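Residues per chain, in single letters:
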Amino acid sequence: MTSRAQSKRVRMLPEERRAEIVQTAARIALEEGLELITLRRVADALGVRPGLISHYFPVADALVGEAFTFATTKERESLLPPSEEGQSPVLRLARFLVRLADEDYLDLSRLWLNARHLSRFKDALRQAVSTQESATRSAFVALIAHGVQAGEFTTDDVLKTALHILIAVDGLGSYANADASQEGLDIGDAAIETAETRLGLAPGTLRALARSADPAAVASQ
């Protein structure tokens, strides 16, 4: 049955096949963990022989790094969509933080937690984590700076403020594998409250904006 399934697969261009392999590995990482990305596991998921995977990725660690990069790049684009760049910085910030706090990105939080641990032992993954952290930090700093220029945020140190907020975001991710609510802890708004405090926003501003379907609501703040 395996050989019959393999024979029915559509022949792909090399770049298409490589992209399919990376996307499949990223899905495995999100659902099962980075440790489960092996050449055989990806081959089984695609219904091909392991030799096809090793043709593109002779070393599994390289595939682990690319899978993480693919997943986290998609994450950043969904949290700070390029299509929203023309919108108010405070509205973009609200959507970014509320999306995270509402646990829509729990699997990605677990992936970051997983990657930071494994990156101690895998050079390719350590480089991928560093690169993605830098990209996210740069995008976030640019968002905060834009908000200050627009008069929507108040801070005398954009970089420091951005780092404080991102550290709060990462802190939420550290609870991705635990049910903090069982211990009576309400941590969901930690990053939101940090942002409001650091940026001179009234408590509740960001959730109210994120839930508003009307971007014009920003003008009334």
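Everything quoted here is computed from the prediction, not taken from an experiment.

Calculation criteria
Residues numbered from 1 in each chain as written. Predicted model: local features only at pLDDT ≥ 70, side-chain atom pairs only at ≥ 80, totals over all residues. Heavy atoms only, no water. Helix = DSSP H or I, 4+ residues; strand = E, 2+ residues; numbered from the N terminus. Buried < 20%, exposed > 50% of the residue type's maximum accessible area, 1.4 Å probe, protein only. Contact = heavy atoms within 4.5 Å. Areas by Shrake-Rupley, 256 points an atom, 1.4 Å probe, with all protein chains shown as cover. Expected span 1.5 Å × (residues − 1). Arc of directions from axis to C-beta. Phe/Tyr/Trp six-rings, centres within 6.5 Å; stacked < 30°, edge-to-face > 60°. 1 Å grid on protein atoms, 1.4 Å probe; cavity = no way out; pocket = protein on both sides within 12 Å on 5 of 7 lines; lining within 4 Å. Points joined across faces, edges and corners; volume = space filled by probe spheres on them. Nonpolar A, V, L, I, M, F, W, Y, C, P; charged D, E, K, R; others polar. Salt bridge = Lys/Arg side-chain N within 4 Å of Asp/Glu carboxyl O. Core = buried A, V, L, I, M, F, W, Y, C linked by side-chain atoms within 4.5 Å. Axes fitted to C-alpha atoms, helices over the stretch in contact; angles between N-to-C directions. Parallel < 35°, antiparallel > 145°, perpendicular 65-115°, else oblique. Left-handed = near helix turned anticlockwise from the far one by under 90°.

Quick look at the overall build of the protein chain now. Of the regular secondary structure elements, the protein chain holds 11 helices and 0 strands. Along the protein chain, helices (α) and strands (β) appear in the sequence α-α-α-α-α-α-α-α-α-α-α when read from the amino end. The buried share of the protein chain, taken over its 221 residues, is 40%. Looking at the protein chain alone, contacts between residues at least 24 apart form 63% of all its contacts between residues at least 6 apart. Entry remark: accessible area of the protein chain is about 12,100 Å², with carbon and sulfur atoms responsible for 51%.

Within the secondary structure, Gly-151 sits in the loop between helix H8 (123–149) and helix H9 (158–173). Each C-alpha atom, one on Gly-151 and one on Val-90, is 9.9 Å from the other, the two residues being 61 residues apart in sequence.

Let us look at H9. In this model H9 runs 23 Å from its N-terminal to its C-terminal C-alpha over 16 residues, within 8% of the 22 Å that 1.5 Å per residue would give. When we look at burial in H9, the residues that qualify are Thr-161, Ala-162, Ile-165, Leu-166, Ala-168, Val-169, Leu-172 and Gly-173. Buried residues of H9, seen end-on, are gathered within an arc of 155° and therefore sit on one face of the element. On the buried face of H9, the contacting elements are helix H6 (89–101), helix H7 (106–118), H8 and helix H10 (190–198).

Moving on to the packing of aromatic side chains. In the structure shown here, the tally under the stated rule is 2 aromatic pairs. When the centroid spacing of 5.0 Å and the interplanar angle of 85° are considered together, the rings of Phe-68 and Trp-112 count as edge-to-face. On the criterion of sequence distance, the pair formed by Phe-68 in helix H5 (residues 60–79) and Trp-112 in helix H7 is long-range, its members being 44 residues apart. In terms of burial, Phe-68 and Trp-112 fall into one category: buried. For the ring pair Phe-96 and Phe-140, a centre distance of 5.2 Å and an interplane angle of 40° mean the geometry is tilted. With Phe-96 in helix H6 and Phe-140 in helix H8, the pair connects residues that are 44 residues apart, well separated along the chain. The class of Phe-96 is buried, set by a relative accessible area of 4%.

Considering only enclosed or pocket space, the second largest pocket measures out at about 150 Å³ in volume. Along its surface, the second largest pocket is lined by Leu-80, Pro-82, Glu-85, Arg-92, Ala-139, Ala-142, Leu-143 and His-146. For the lining of the second largest pocket, the element with the most residues is H8, which contributes 4 residues. Residues of the lining of the second largest pocket, tallied by class, amount to 5 nonpolar, 1 polar and 2 charged.

On to the pattern of salt bridges. In the structure shown here, the tally under the stated rule is 12 salt bridges. Here Arg-99 makes a salt bridge to Glu-84, at a shortest N to O gap of 3.1 Å. Taken together, the residues Arg-99 in helix H6 and Glu-84 in the loop between H5 and H6 connect sequence positions 15 residues apart. Residue Glu-84 is classed as buried on the basis of its relative accessible area of 10%. One salt-bridge network, in which partners are shared between bridges, spans Glu-84, Arg-95 and Arg-99.

Membership of the largest hydrophobic core comes to 57 residues, with the highest contact counts inside it found for Leu-34, Ile-37, Leu-63, Leu-93 and Leu-97. Per element, the largest residue contribution to this core is 9 residues, and it comes from H6.

Turning to the packing of H5 against H8, a few remarks are in order. Taken N-terminus to C-terminus, the directions of H5 and H8 make an angle of 15°; their axes are 8 Å apart at the nearest point. Taken as axis vectors, H5 and H8 run roughly parallel relative to one another. As H5 runs across H8, the sense of the crossing is right-handed. For the pair H5 and H8, the contacting residues are Asp-61, Ala-62, Val-64, Gly-65, Phe-68, Thr-69, Thr-72, Thr-73 and Arg-76 in the first and Ala-124, Leu-125, Ala-128, Val-129, Gln-132, Ala-135, Thr-136 and Ala-139 in the second. Residues of the contact of H5 with H8, tallied by class, amount to 9 nonpolar, 6 polar and 2 charged.

Take it as geometry only, folks, not as evidence of what the structure does.
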